[in-house]
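Results of the structural survey
One letter stands for each residue in the lines below.
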Amino acid sequence: MTLSHDLAGTGPSTVVLLHSGVCDRRMWDVPFAALAAAGHRVVRCDLRGFGETPVDAPHTHADDVRDLLDHLGTARAAVVGSSFGGEVALELAARHPGRVSALALLGSGMPGREPSEELRSWGGREDALLEAGDLDAAVELNVDTWLGPEAGEEARVLVREMQRRAFEVQLPVPDEHGPVDPGVTPEELAGIRVPALVAVGRHDLPDFRAAADDLTRLLPAARRVDLDWAGHLPALERPDETARLLVAFLAEATGR
């Protein structure tokens, strides 16, 4: 399966945008346009189970992204990942190191990192709402949890639409068609030597701030940026400012 995707720009360097687990490729509207205008060839995709990409078989998200790069004839790309998308970006860089030229991680998850009791409790509340058939309440729980104080109503409406779509695609899928854990270890993460931006919001959940600490320590070429204004989804909370951050980092990382 080829992931549903959009392309913009015609520059010599390719940038792939990977969305968070409560969103799909629509979360990248502003950075997608800004990076194309800055001279990059930009790809944004829906991972399996999100947006316009269905789930039809067991899969590994990192391998799906690798296959998309093959489909596009792209040997190597810089990868930008938000939250869950950051975790997929790290898995791609660990499993297929020759395919990734730089990483920009925004409120990123971390492969193999165990969730805190607080985050497990939150997941239990979401599961209970879904089991009760209260999709509206489950959607609102996600909107209220993952958007920070700078998010406007437009961002809230979009996250509401994207999260509902993810539930609609994923809930009917049998367990045997779910994602396969690639089993990336901390030692493999420490072997990722490409330039890496590790950005995290001051208002993000403690799990993701702790993940940023760990990634800054593990990744040899990491640069940490703390966003005083941000929650978990800076690309939706201050999209223009986030786009400028990504454009500046990727200009340096790709030598443009």
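Description of the structure in this document. Predicted model, so just to flag it, every value in this text is computed and none were measured. Residue numbering note: each chain is counted from 1, following its sequence as written. Reporting of local features is limited, given that this is a predicted model, to residues whose pLDDT is at least 70; pairs of side-chain atoms are given and counted only at 80 or more, and all residues count toward the totals for whole chains, interfaces and linings. Note that water and hydrogens are dropped before the side-chain values are worked out from all heavy atoms of the structure.

A few words on the overall build of the protein chain. Segments assigned H or I by DSSP are reported as helices when at least four residues long, segments assigned E as strands when at least two residues long, and all are numbered from the N terminus. Summing up its helical and strand segments, the protein chain has 10 helices and 7 strands in all. Two things to know: the radius of gyration comes from C-alpha atoms, and the globule rule equals 2.2 Å times the number of residues to the power 0.38. Computed over the C-alpha atoms, the radius of gyration of the protein chain is 17 Å, within 12% of the 18 Å expected from 2.2 N^0.38 for a compact globule of 256 residues. If one aligns the C-alpha atoms of the protein chain with their principal axes, the spans along those axes are about 50 × 40 × 35 Å. Relative accessible area decides the class of each residue, using a 1.4 Å probe on protein chains only: under 20% of the type maximum gives buried, over 50% gives exposed, and in between gives partly exposed. Sorting the 256 residues of the protein chain into buried and exposed places 53% on the buried side. By sequence separation, contacts in the protein chain at least 24 residues apart represent 76% of the contacts at least 6 residues apart. Working rule for contacts: check all heavy atoms of both residues, and any pair within 4.5 Å makes them a contact.

Our focus in this paragraph is the nonpolar core. By size, the foremost hydrophobic cluster in this structure holds 43 residues, and its most contacted members are W28, V159 and L236. Each residue touching V159, except ones within four places of it in the same chain, is listed here: V22, C23, V143, L147, L233 and L236. Each nonpolar core is a collection of buried residues, namely Ala, Val, Leu, Ile, Met, Phe, Trp, Tyr and Cys, held together in the definition by side-chain atoms within 4.5 Å.

Any two strands are treated as partners once DSSP identifies two or more bridges connecting them. As judged from the 6 bridges shared by strand β6 (residues 196-201) and strand β7 (residues 222-227), these two strands associate in the parallel manner. The residue of β7 that forms the bridge with A196 is A222. By convention, orient the strands away from the viewer: a clockwise path from the first strand over the helix to the second makes the crossover right-handed. In this region the chain leaves β6, passes through helix α8 (residues 206-218) and returns to the parallel neighbour β7; the handedness of that crossover is right-handed.

This part takes up helix α2 (residues 61-71). Taken together, the buried positions of α2 are H61, A62, D63, D64, V65, L68 and L69. For α2, the elements touching its buried residues are β1 (5-8), β2 (13-18), β3 (40-45), β4 (77-82) and α3 (84-95). The first or second residue beyond α2 is G73, which carries a positive phi of 70°.

So, on to the sheet that holds β6. Taken in spatial order, the 7 strands make up an open sheet running β1-β3-β2-β4-β5-β6-β7, and their pairing is mixed. Each edge of the sheet is formed by a strand with only one pairing partner; in this case those strands are β1 and β7. In this sheet, neighbouring strand axes are inclined to one another by 15° on average, regardless of whether the strands run parallel or antiparallel. Bridge count for strand β5 (residues 100-106) against β6 is 4 bridges, and the pairing is parallel. Opposite A104, over in β6, you have L197 as the bridge partner. Every axis corresponds to a line fitted to the C-alpha atoms, with the helix fit spanning only the stretch in contact, and the corresponding angles, defined between N-to-C directions, vary from 0 to 180 degrees. Relative to the sheet, helix α1 (residues 29-37) contacts β1, β2 and β3, its axis offset from that of β3 by approximately 160°.

Moving on to the layout of surface pockets. Cavity: a set of points on a 1 Å grid over the protein atoms alone where a 1.4 Å probe fits but cannot get out. Pocket: an open set with protein on both sides within 12 Å along at least five of seven lines, its lining residues, like those of a cavity, having an atom within 4 Å of a point. Grid points are joined across faces, edges and corners, and a volume is the space filled by probe spheres set on the points. Considered as a void within the structure, the largest pocket measures approximately 1400 Å³ in volume. Among the elements of the structure, α3, α4 (117-131), α5 (135-146), α6 (153-170) and α8 are those that each provide at least two residues to the lining of the largest pocket. Three classes are used: nonpolar for Ala, Val, Leu, Ile, Met, Phe, Trp, Tyr, Cys and Pro, charged for Asp, Glu, Lys and Arg, and polar for all others, with Gly counted as polar. When grouped by side-chain class, the residues that make up the lining of the largest pocket number 22 nonpolar, 15 polar and 11 charged. What the second largest pocket holds in volume is close to 190 Å³. Lining the second largest pocket are R26, M27, D29, V30, G152, E154, A155, L158, A235, L236 and P239.

Here D46 is to be found in the loop between β3 and α2. Classification of D46 by relative accessible area gives buried; the value is 2%.

So, on to the side chain of H40. Within the secondary structure, H40 sits in strand β3. One polar contact links H40 to S13, side chain to side chain, over a distance of 2.7 Å. Polar contact is the term for a pair of N or O atoms within 3.5 Å; when the atoms are in protein, one must be able to donate a hydrogen and the other to accept it, and sequence-neighboring residues count only if both atoms are side-chain atoms.

Pairs may arise between side chains of opposite charge once their charged atoms sit close together. The term salt bridge refers to a side-chain nitrogen of Lys or Arg lying within 4 Å of a carboxyl oxygen of Asp or Glu. For the structure shown, the criterion picks out 23 salt bridges. A salt bridge links R26 to D24, with the nearest nitrogen and oxygen atoms 2.8 Å apart. The exposure class of R26 is partly exposed, given its relative accessible area of 32%. Across the pair D226 and R209 runs a salt bridge whose closest N-O atoms are separated by 3.4 Å. Separated by 17 residues along the polypeptide, D226 in strand β7 and R209 in helix α8 bring together distant segments of the chain.

Below, the discussion takes up the packing of α5 against α6. For the pair α5 and α6, interaxial distance at closest approach is 9 Å and the crossing angle is 130°. With respect to their mutual orientation, α5 and α6 come out oblique. By crossing handedness, the relation of α5 to α6 is classed as right-handed. On the side of α5, the interface is formed by L135, D136, A138, V139, E140, N142, V143 and D144, while α6 contributes R156, V159, R160, Q163, R164 and F167. Looking at side-chain class alone, the contact of α5 with α6 contains 6 nonpolar, 2 polar and 6 charged residues. Roughly parallel covers angles under 35 degrees, roughly antiparallel covers those over 145, roughly perpendicular covers 65 to 115, and oblique covers all other angles. Crossings are sorted by hand: turned counterclockwise from the far helix by less than a right angle, the near helix makes the crossing left-handed, and turned clockwise it makes it right-handed.

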